[in-house]
Amino acid sequence: IGFRHHQEEFKIFAEAQLNIQQNKRTESMEKLATLYNTNEIYIADMCRYQNAWLSFLQKDFDNMQLQLQSIRHDTIFKEMAHIFQAEILDHMNKDIDNAINSYLEFLGLYPNSIYYDDIRLRLRAIAS
């Protein structure tokens, strides 16, 4: 739906997806970055989130954090970015205290999120 009136952006996004399928992450990341300044915030946030995920796969954690923190619009990708950052604290950094704080912050910020129960269950698992 976000691409309905943005056919040129859709073409670039589709090419980026093809690059991902071809395991050409760097090329995909470059294409996604060209869509950051689109007027359609959903597209911009989606591209930043996907770029963060690709950066994670490339082990470029600085760029990953930069992309996640730059998702500022009120879209599902902002929620997903918050979870992604909490999971990095939880699973990668083993920083349980900060992970718990991040998960709790998520529950406070997004009480109607489709991820609410998953986060609550993760908190229960950490506490036991």
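Check the entry above for the structure.
Quick notes on the rules
- Counting starts from 1 at the beginning of each chain's written sequence and moves along it residue by residue.
- Side-chain atom pairs in this predicted model are given and counted only at pLDDT of 80 or more, local residue features only at pLDDT of at least 70, and totals for whole chains, interfaces and linings cover all residues.
- Water and hydrogen atoms play no part in the side-chain values, which are based on all heavy atoms of the structure.
- A run of H or I in DSSP counts as a helix once it spans at least four residues, and a run of E counts as a strand once it spans at least two, with each numbered from the N terminus.
- Summary of the burial criterion: residues with accessible area below 20% of their type's maximum are buried, those above 50% are exposed, and those between are partly exposed, where the area comes from a 1.4 Å probe applied to protein chains only.
- The contact definition used throughout considers only heavy atoms, calling two residues in contact when any of these lie within 4.5 Å.
- Computed by Shrake-Rupley with a 1.4 Å probe, the accessible areas treat only the displayed protein chains as cover when residues are assessed.
- For the charge count, each Lys or Arg is scored as positive and each Asp or Glu as negative, with His and the chain ends excluded.
- Positions of charges follow a simple convention, taking NZ of Lys, CZ of Arg, CG of Asp or CD of Glu.
- Counting of polar contacts relies on pairs of N or O atoms within 3.5 Å, with two restrictions inside protein: one atom must be capable of donating a hydrogen and the other of accepting it, and residues adjacent in sequence are counted only when both atoms are side-chain atoms.
- Salt bridges are identified by distance alone: a Lys or Arg side-chain nitrogen within 4 Å of an Asp or Glu carboxyl oxygen.
- To estimate how far a helix should reach, multiply one less than its number of residues by 1.5 Å.
- Within this analysis, the arc is defined by the directions that extend from the helix axis to the C-beta atoms.

Engineer: Tell me about the overall build of the protein chain, and please be specific about residues and values.
Structural biologist: Of regular secondary structure, the protein chain possesses seven helices and zero strands. In sequence order, the secondary structure elements of the protein chain are arranged as α-α-α-α-α-α-α. For the protein chain, the spread of C-alpha atoms along the three principal axes comes to 50 × 30 × 20 Å. Each of the 128 residues in the protein chain was classed as buried or not, and the buried ones make up 40%. Within the protein chain, contacts between residues separated by at least 24 positions form 43% of all contacts whose residues are at least 6 apart in sequence. Total accessible area computed for the protein chain in this model is approximately 7800 Å², and 51% of it derives from carbon and sulfur atoms. Once the 13 positive and 18 negative side-chain charges of the protein chain are each reduced to a mean point, those two points are 4 Å apart.

Engineer: How would you summarise the side chain of Thr38 if you had to cite specific residues and measurements?
Structural biologist: You can see Thr38 is positioned in the loop between α2 (25-33) and α3 (41-57). Of note is the side chain of Thr38, whose polar atom sits 2.9 Å from the side chain of Glu9. The residues contacting Thr38, other than those within four sequence positions of it, are His6, Glu9, Ile43 and Ala44.

Engineer: Outline unusual backbone geometry, listing residues and values.
Structural biologist: Within the chain, Asn23 stands out as a residue other than glycine whose phi angle is a positive 60 degrees. Turning to its location among the elements, Asn23 is positioned in the loop between α1 (7-21) and α2. When its relative accessible area of 55% is taken as the criterion, Asn23 is described as exposed. A positive phi angle is found at Lys59, which is not glycine, with a value near 65 degrees. Structurally, Lys59 can be placed in the loop between α3 and α4 (61-69).

Engineer: Any details on the pattern of salt bridges? Residues and values, ideally.
Structural biologist: Applying the stated criterion across every chain, the model contains three salt bridges. The partner of Asp90 in a salt bridge is Arg122, and the shortest N-O contact between them spans 2.6 Å. Placement of the pair is Asp90 in helix α5 (residues 76-92) and Arg122 in helix α7 (residues 116-127), with a sequence separation of 32 residues. Given a relative accessible area of 3%, Asp90 falls into the buried group. Accessibility expressed as a relative area gives 27% for Arg122, which makes it partly exposed. For Asp117, the salt bridge identified is with Arg120, shortest N-O distance 3.5 Å.

Engineer: Got a sec to walk through α7? Specific residues and values, please.
Structural biologist: Relative to the 16 Å expected for 12 residues at 1.5 Å per residue, α7 spans 17 Å between its end C-alpha atoms, a close match to the ideal helical length. If you check which residues of α7 are buried, you get Ile119, Leu123 and Ile126. The buried side chains of α7 occupy one side of the element, clustering within an arc of 60 degrees when seen end-on. In this fold, the buried residues of α7 make contact with α5 and α6 (96-109).

Spatial relationships are all this shows, so hold off on functional conclusions.
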